[in-house]
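Reading the structure
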Amino acid sequence: MSVVGIERHGAVTLIIIDNPPVNALSQAVREGLLSAIVDADGDDECQAILIVCSGRTFIAGADITEFGKPPAEPYLPVVVARIEACKKPVVAAIHGTALGGGFEIALGCHYRIALGSAAVGLPEVHLGLLPGASGTQRLPRLIGAEAAMDMMLSGNPVKADKALESGAIDRVAEVDLLSEAIDFMKECIEQGPRRIRDMEIAAVDARVFDVERKKIAAKTRGLMSPERIIRCVELATKTSFDDGLAGEREMFLECMASSQSDGLRHAFFAERQVAKIPGIAKETSGREVKTVAVIGAGTMGAGIAYNCLAAGFNVTILDNNQEGLERGVKTIKRLCAGGVERGKISDAEMQESLKRFSHAESYADIVGADLVIEAVFESMAFKKEVFGALDKVMKAGAILASNTSTLNIDEIAASTARPQDVIGLHFFSPAHIMRLLEIVRGADTADDVIVSSLALAKKLNKIGVVVGNCFGFVGNRMLYSYGRENQMMLLEGVAPETIDQVLFDWGMAMGPNAVGDLAGLDVGYKVRQERSDLPDDPRFYRIADALAELGRYGQKTGKGIYLYEEGSRKPVPDPEVAVLIAKEARRLGIERRNISDEEIVQRCIYGLVVEGARILEEGIAERSGDIDVIWMNGYGFPRHRGGPMHYADSIGIKHVYETVCEFRERFGAMYWEPPELLKSLADSGGKFADFE
Ligand code: T1G
């Protein structure tokens, strides 16, 4: 089946691209498009050329699956330049999204018409790249340097009406794109080709570039491609079109070869792989979920309920404590109002959503719900009591989910007569903001319940990752290793602010000590108190326990490992904590020493990798990419490093294995015995990504 077809509509030649699912610019598409353009340009009966796409969208960009492989001609810039060089007008008819190279193809055309529902964008920055097919030189000439820079640095798509306003497109089709494009061609034929490369770029104050650099510095934290996008646009204002193109090409190839882009491209695909569950047929349909009941009106319950309400579900929140219920309802209404204040929803939409919201104190009020999400206190006894009660009243086929963050989902399911309907839906706080949803599969969980949960995640605009049942599942189980090393290094002599700064500079969104104070040291403390399987090691989380026992929970009590001034969330080192740590170290006979930044990073990050390898060996995660997705979307792991497992692959498993062996010698086998998988990959030169 040809991916590029030709049709004649009178004097107009239609070039139709048909490369599902998103008409990506594979080598075959580039070749077919170039050949079709050359033929049409040489066809005397053809007065104008229209480029359209079949399927759900215009070209969504270069084919990312080809990246990292030897480049294959024709190169995209060549195709774009040949389109622009056509003697007769070439028009792009856009539906869906014209993104990246797709929009660059459209910019090579002389005119652009788009459906009102369409959007255009240059999202390359999200992949650690920059528009590499002349977008950095054409767009500034079309819409101005500043508007072009904003579009490329945000990477966000621009809706057709706004694109029309800026001049990025020339016409919006109201009803039928093809027929209105054919009509539009008549004007284009009269006007003849209009080449962006010949346009003068509007004058701009040269200082805007440094202002932009300062503006993005905090957000992009040393990422390569944003800085180079600015440089490319700067070039466009100062040099000829061809010199600008040469600079763009050089910087594009530099970004393409970077580990940052490798990590970001891995993240892109890994976040799409998670929805594919081996052993569950693609055509398995889920159960219909329209009404959701949330049990527990605390912070998590209210956040989950709001999340479901905003996504269009009918929602009932239930709590047997009247005061708690009122607090939860107030929180949900405040979040709804916040959505209006932030312009995310209109007042009418908020009113409509509140019509779908109710609250209850008795299970009898929720018997008809399609899905129940339990979000009560993290106590196994309490959860079993709730599930036992739900089992008695809920309609047959209702999905019974627990928001537990660590507890055994099979044990919870065993308190019902319907374990096939039970699943874990582990939301991350704040539930309405964090994109990650760990979907915990019980031994008996039915396939259609898993499919329903993945569909729920998508509807909530979250990334649902199916994980197995063990303490802490994937994310929190690995967090123990990461936190353990942080705690150990505190005892060994490193100040909390030093560990936090080193890991922040390495790319983590926040250091582990600041995270502990944010989440609340009491939360982890209570979970550890409930556990009977913790390492027999008096040093294990000793500082976190000591602080919790002193009532120093973190931000919520004004002090934890850090101090917090009234109304401030800024962590301030506390000399009292330094004294406490030194005293505990002496009591435990730990010799204090300086620890290098490199060791701080290796102990925390390789601690993650070792636990991740064990998780893969046990089949708790389907793929190493799933673990990466969890840590990038739930724990602030830097996306440009692609997640802990991809990071290990990128620096070399053998190097990681040898370092882990060294740590075993220095710190003991209790934590640093290398998993068999790590050893075998090191021996075979393999990667976690190859592990199935
Ligand atoms: N290349 C290859 N495959 C792609 C792809 C792409 N550009 N975009 C999507 N897919 C696959 C995706 O992996 C999934 O596959 C399926 O399509 C549906 O995707 C030179 C260098 C277009 C908004 O960054 O943002 O051009 O899992 O689940 O939610 O300057 O896909 O079904 O097997 O995301 O409806 C720039 C990336 C590339 C756009 C659709 N373009 N794609 O979202 O579906 S770099 C992008 C998206 C570039 C030039 C530079 C989204 C979408 P599978 P999906 P969706």
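All residue numbers here refer to positions counted from 1 along the written sequence of the relevant chain. With pLDDT at 70 or above as the cut-off, local features in this predicted model cover only qualifying residues; side-chain atom pairs require 80 or more to be listed or tallied, and sums for whole chains, interfaces and linings still use all residues. Side-chain measures here rest on the full set of heavy atoms in the structure, leaving out hydrogens and waters.

Quick look at the sheet that holds strand 11 (residues 314-318) now. Overall, mixed pairing links the eight strands, which are arranged 12-11-10-13-14-15-16-17 in an open sheet. Strands at the two margins of the open sheet, each flanked by one partner only, are strand 12 (357-360) and strand 17 (463-467). On average, each strand axis in the sheet is tilted by 25 degrees relative to the strand beside it, whichever way the strands run. Sheet topology places strand 11 next to strand 12; four bridges connect them, and they run parallel. Paired strands, in this sense, are two strands between which DSSP finds at least two bridges. Helix numbers and strand numbers start at the N terminus; a helix is a DSSP run of H or I with at least 4 residues, a strand a run of E with at least 2. Axis definition: a line fitted to C-alpha atoms, limited for helices to the stretch in contact. Angles are taken between N-to-C directions and run from 0 to 180 degrees.

Right, let's talk about the nonpolar core for a bit. Formed by 99 residues in total, the largest nonpolar core has its most connected members in Val474, Leu503, Ile605, Trp631, Phe637 and Phe688. At eleven residues, helix 24 (residues 597-617) tops the list of elements feeding residues into this core. Each domain's extent was defined by an automatic or database domain assignment. Residue contributions to this core reach at least three from each of two domains, namely domain 2 (291-467) and domain 3 (475-619 + 622-690). Two residues form a contact once any of their heavy atoms are found within 4.5 Å. With residues up to four places along the chain from it excluded, the contact list for Leu503 reads Tyr482, Met508, Pro512, Ile600, Val601, Cys604 and Ile605. Nonpolar core, defined: a set of buried Ala, Val, Leu, Ile, Met, Phe, Trp, Tyr and Cys residues in which side-chain atoms within 4.5 Å join the residues together. Buried means the residue's accessible area, taken with a 1.4 Å probe over protein chains only, is under 20% of the maximum for its type, while exposed means over 50%, and partly exposed covers the values in between. By size, the runner-up hydrophobic cluster in this structure holds 87 residues, among which are Val80, Ala93, Met185 and Val208.

Around the ligand sit 25 residues in total, of which Ala62, Glu104, Glu124, Arg272 and Lys276 are the nearest. Between N or O atoms, a polar contact is any pair within 3.5 Å; within protein, one atom must be a potential hydrogen donor and the other a potential acceptor, and residues adjacent in sequence are included only when both atoms are from side chains. Glu124 places a polar side-chain atom, nitrogen or oxygen, 2.7 Å from an oxygen atom of the ligand. A distance of 2.7 Å separates an oxygen atom of the ligand from a polar side-chain atom of Lys276. Relative to its free-state accessible area of 1000 Å², the ligand is covered by the protein chains to the extent of 75%. For the shell around the ligand, the secondary structure elements donating two or more residues are helix 3 (101-108) and helix 11 (259-273). Throughout, near means a residue has at least one heavy atom within 4 Å of the molecule or strand. Areas reported as accessible are Shrake-Rupley estimates using a 1.4 Å probe. Residue values count occlusion only from the protein chains shown.

The next thing to look at is the pattern of salt bridges. The salt bridge criterion pairs a side-chain nitrogen of Lys or Arg with a carboxyl oxygen of Asp or Glu, the two atoms within 4 Å. In total, this model carries 57 salt bridges according to the counting rule given. Across the salt bridge formed by Glu352 and Arg356, the nearest N and O atoms sit 2.9 Å from each other. In this structure Arg356 comes out as buried when scored by relative accessible area, which is 15%. A salt bridge links Glu485 to Arg484; the shortest N-O distance between them is 2.8 Å. In this structure, Glu485 and Arg484 share a single accessibility class: buried.

Taken across its five residues, strand 10 (residues 291-295) has four buried, putting it largely inside the fold. Relative to strand 11, strand 10 is paired through five bridges, and the arrangement is parallel. Opposite Thr291, over in strand 11, you have Asn314 as the bridge partner. A clockwise course of the path from the first strand over the helix to the second, judged with the strands pointing away from the viewer, identifies a crossover as right-handed. The β-α-β motif built from strand 10, the intervening helix 12 (residues 299-310) and the parallel element strand 11 has right-handed crossover chirality. For strand 10 and strand 13 (residues 371-374), the ladder comprises four bridges, and the chain directions are parallel. By the bridge assignment for strand 13, Ala293 is matched with Val372.

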